[in-house]
Protein chains: 2
Amino acid sequence: MTALRSYGDPCGIARALDVIGERWALLIVRELLFGPKRFTDLREALTGVSPNVVSQRLRELVAAGVVGRRKEGGRVYELTPWGLDLHPVLVALGKWGARSPARPKGRLSADALMVALESTFVPAQAADLRATYELRLGHRRFSVEVDRGAIAIGSGAPRRPDAVVATDPGTLRRLVFGDRRLAGAPVDVRGDSRLARRLFRVFARPRPAEA
Amino acid sequence: MTALRSYGDPCGIARALDVIGERWALLIVRELLFGPKRFTDLREALTGVSPNVVSQRLRELVAAGVVGRRKEGGRVYELTPWGLDLHPVLVALGKWGARSPARPKGRLSADALMVALESTFVPAQAADLRATYELRLGHRRFSVEVDRGAIAIGSGAPRRPDAVVATDPGTLRRLVFGDRRLAGAPVDVRGDSRLARRLFRVFARPRPAEA
DNA sequence: CGGTATCCAAGCCGATACTG
DNA sequence: CAGTATCGGCTTGGATACCG
């Protein structure tokens, strides 16, 4: 029952930080960007966080109007419209952070990877591409629509994907940001595999800012 | 000599937070957006922060490559190119935070106000406006250039401003976001006062997200 | 001016245990 | 499944005092 501490600063940035500046808060928001999740899903996506802390952050975010709770076969948490407006902010922040010289090793959550794709999408590299993809990462399904310079990622499988890529976040990450060879990778590609390979090239590998 | 704690998450957002997620860090960046500052300037702009914390944050930000230190008649801190790339992120975050239902009362720093202007600028409301302003807030000088749908704010006075507005941050804030009457306000307007008044109308008053 | 030293309180981590 | 309760240990933040 902690009263959340405020900067007491009327600036918009400070007020934003009053709401989403506490530790783990923004990562919880990240995990909710593409759809509702349960408490347990959040816990396992955010490795190393105590249930205690998740619980408190959720309470604060709900109180602030960023997150809502619903009952849908158990409780689920989801972003409010205002919370959803953090999406572009997180994409921009992720784009900036991807250039950090520090590179922690660890697992990437499926949702974090999706934000990373949005952050690194290069419109010019997709100027002549128009395709719909289904990404399967574990039990999660995402739709990725590339439409000549624009990208839209949503949760849930698209109706008629041109290609389906099934793998795990780590492998997809490598295929997009690292070594792009498909051979031998634990990936299952169906549909138009040329288009699938094309997808891996519309994202830029972030270049670290020089120290 | 604290090793900064990391989320240990390779996601760009988490890596960004590793660098600028600690308390006060982003507000220090905000204060440096429009130019270098001294330790003491930072202390007084950020009301309620201990010198202790400013010192530690600066050390961390310097170590991370966000801030640089120079000697220029005393030490000054300034954003590195990478740090400067946080500018659009902060503008977006400020835009979001300005809609928070919570409204702390307190003083607005001059730099915070400048970011607020950028955050709330409405291109459509300036479609037919082209003017250069000088804003004087205490001893600080800023240039504001509005060029038909675009705004650019810089520190330091412009060469040939169309209008000069001298006041304090609180008053300017009211003139822009609140009651726009000039009468009786502690403001000194010189040059084209019609253009000056016009400036107050190219920004939107943020509407709070419904709780 | 530009910080460091010290101390205290609060918060987070991590584990574990427990409940509706 | 979805959390709350509690506890120890440690880390941070906040306040004040102080020093080159």
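Everything below is about the structure printed above this text.
So, a few notes on the structure that sits alongside this text.

Re the protein's contact with DNA strand C
Argument step 1. The full set close to DNA strand C counts 21 residues, and Trp-24, Gly-48, Val-53 and Arg-57 of chain A together with Ser-55 of chain B are the nearest of them.
Argument step 2. In DNA strand C, the atoms that sit within 4 Å of the protein are 76% sugar and phosphate, with bases accounting for the remainder.
Argument step 3. The separation between a phosphate oxygen of DNA strand C and a polar side-chain atom of Arg-38 of chain B is 3.1 Å.
Argument step 4. For DNA strand C, a phosphate oxygen lies 2.4 Å from a polar atom in the side chain of Ser-55 of chain B.

Here we look at the relation of the copies chain B and chain A
Argument step 1. Once turned by 180 degrees and shifted 0.0 Å along the axis, chain B lies on chain A with an RMSD of 0.1 Å. One copy is carried onto the other by what is essentially a two-fold rotation axis. Considering only C-alpha atoms, the part of chain B nearest the rotation axis is Val-89 of chain B, at 3.2 Å.
Argument step 2. Both copies present the same face, since 98% of the interface residues in chain B are matched by interface residues at the equivalent positions in chain A.

A word on the interface of chain B and chain A
Argument step 1. With 50 residues of chain B at the interface, the matching set in chain A holds 49 residues.
Argument step 2. Taken together, the two surfaces of chain B and chain A that pack against each other cover about 4600 Å², and 66% of this comes from carbon and sulfur.
Argument step 3. Arg-30 of chain B is the partner of Asp-9 of chain A in a salt bridge, and the nearest nitrogen-oxygen pair spans 3.1 Å.
Argument step 4. On the surface where chain B and chain A come into contact, there are 14 residue pairs in polar contact (both at pLDDT 80 or more).
Argument step 5. Secondary structure elements with two or more residues in the side of chain B that touches chain A: helix H1 (12–20), helix H2 (25–32), helix H6 (87–97) and helix H7 (110–120) of chain B.
Argument step 6. Per-element tally for the side of chain B that touches chain A: the top contributor is H1 of chain B, with 9 residues.
Argument step 7. For the side of chain B that touches chain A, the class distribution of residues is 29 nonpolar, 8 polar and 13 charged.

Concerning the packing of aromatic side chains
Argument step 1. One pass over the structure, following the stated rule, counts 8 aromatic pairs over all chains.
Argument step 2. Ring plane angle 75 degrees and centroid distance 4.7 Å describe the contact between Tyr-7 of chain A and Trp-24 of chain B, whose orientation is recorded as edge-to-face. With Tyr-7 of chain A in the segment before helix H1 (12–20) and Trp-24 of chain B in the loop between H1 and H2, this pair bridges two chains. Each member of the pair, Tyr-7 of chain A as well as Trp-24 of chain B, carries the same accessibility label: buried.
Argument step 3. Against the face of Tyr-7 of chain B rests Arg-23 of chain A, its NZ or CZ located 4.3 Å from the ring centre.

Digging into the sheet that holds strand E7 (residues 188–191) of chain A
All names here are of chain A.
Argument step 1. The sheet built from 5 strands is open, its strands ordered E5-E4-E3-E6-E7 with mixed pairing. The open sheet has two edge strands, strand E5 (151–155) and E7, and neither has a second partner. If you compare each strand with its neighbour and ignore which way they point, the axes differ by 20 degrees on average.
Argument step 2. Pairing of strand E6 (residues 163–167) with E7 involves 4 bridges; the strand directions are antiparallel. The residue of E7 that forms the bridge with Val-164 is Arg-190.

Overview of empty space enclosed by the protein
Argument step 1. Applying the stated criterion to the full structure yields 1 cavity of 30 Å³ or more.
Argument step 2. The computed volume of the largest cavity comes to approximately 40 Å³.
Argument step 3. Lining the largest cavity are Tyr-7 and Asp-9 of chain A together with Trp-24, Leu-27, Ala-45, Leu-46 and Thr-47 of chain B.
Argument step 4. Taken together, the residues of the lining of the largest cavity sort by class into 5 nonpolar, 1 polar and 1 charged.

Some points on the sheet that holds strand E3 (residues 130–137) of chain B
Two orientations exist for strands paired in a sheet by backbone hydrogen bonds: parallel and antiparallel.
Residues and elements named next belong to chain B.
Argument step 1. If you walk across this open sheet you meet the 5 strands as E5-E4-E3-E6-E7, and the pairing is mixed. The outermost strands of the open sheet, each flanked by one partner alone, are strand E5 (151–155) and strand E7 (188–191). In this sheet, neighbouring strand axes are inclined to one another by 20 degrees on average, regardless of whether the strands run parallel or antiparallel.
Argument step 2. Across 5 bridges, the pairing between E3 and strand E6 (residues 163–167) is parallel. Among the inter-strand pairings, Leu-137 is bridged to a residue of E6, identified as Thr-167.

Topic: helix H2 (residues 25–32) of chain A
The periodicity of an α-helix, 3.6 residues per turn, causes residues three or four positions apart to be oriented the same way.
Argument step 1. The buried fraction of H2 of chain A amounts to 8 of the 8 residues, a majority that puts the element mostly inside the structure.
Argument step 2. Looking at H2 of chain A, one finds that the buried residues are Ala-25, Leu-26, Leu-27, Ile-28, Val-29, Arg-30, Glu-31 and Leu-32 of chain A.

Regarding helix H4 (residues 51–64) of chain A
Residues and elements named next belong to chain A.
Argument step 1. Taking 1.5 Å of rise per residue, 14 residues should cover 20 Å, and H4 covers 20 Å from first to last C-alpha, within 8% of that figure.
Argument step 2. Inspection of H4 places Val-54, Arg-57, Leu-58, Glu-60, Leu-61 and Ala-64 among the buried residues, and these make up the whole buried set. For H4, the arc enclosing every buried residue in end-on projection is 165 degrees, short of the 170-degree limit, so these residues lie on one face. Facing away from the buried side of H4 by more than 90 degrees, the exposed set consists of Asn-52 and Ala-63.
Argument step 3. The inward-facing, buried residues of H4 abut H1, H2, helix H3 (39–45), strand E1 (67–71), strand E2 (75–79) and helix H5 (81–84).
Argument step 4. Just beyond H4, the residue with positive phi is Gly-65, at close to 90 degrees.

Quick notes on the rules
- Residues numbered from 1 in each chain as written.
- Chains lettered and ligands numbered in written order.
- Predicted model: local features only at pLDDT ≥ 70, side-chain atom pairs only at ≥ 80, totals over all residues.
- Heavy atoms only, no water.
- Near = heavy atom within 4 Å.
- Polar contact = N/O pair within 3.5 Å; in protein donor to acceptor, adjacent residues only side chain to side chain.
- Least-squares fit on C-alpha atoms with pLDDT ≥ 70 in both.
- Contact = heavy atoms within 4.5 Å.
- Buried area = accessible area lost by both parts, 1.4 Å probe.
- Salt bridge = Lys/Arg side-chain N within 4 Å of Asp/Glu carboxyl O.
- Helix = DSSP H or I, 4+ residues; strand = E, 2+ residues; numbered from the N terminus.
- Nonpolar A, V, L, I, M, F, W, Y, C, P; charged D, E, K, R; others polar.
- Phe/Tyr/Trp six-rings, centres within 6.5 Å; stacked < 30°, edge-to-face > 60°.
- Buried < 20%, exposed > 50% of the residue type's maximum accessible area, 1.4 Å probe, protein only.
- Lys NZ or Arg CZ within 6 Å of the ring centre and 35° of its normal.
- Pairing = 2+ DSSP bridges.
- Axes fitted to C-alpha atoms, helices over the stretch in contact; angles between N-to-C directions.
- 1 Å grid on protein atoms, 1.4 Å probe; cavity = no way out; pocket = protein on both sides within 12 Å on 5 of 7 lines; lining within 4 Å.
- Points joined across faces, edges and corners; volume = space filled by probe spheres on them.
- Expected span 1.5 Å × (residues − 1).
- Arc of directions from axis to C-beta.

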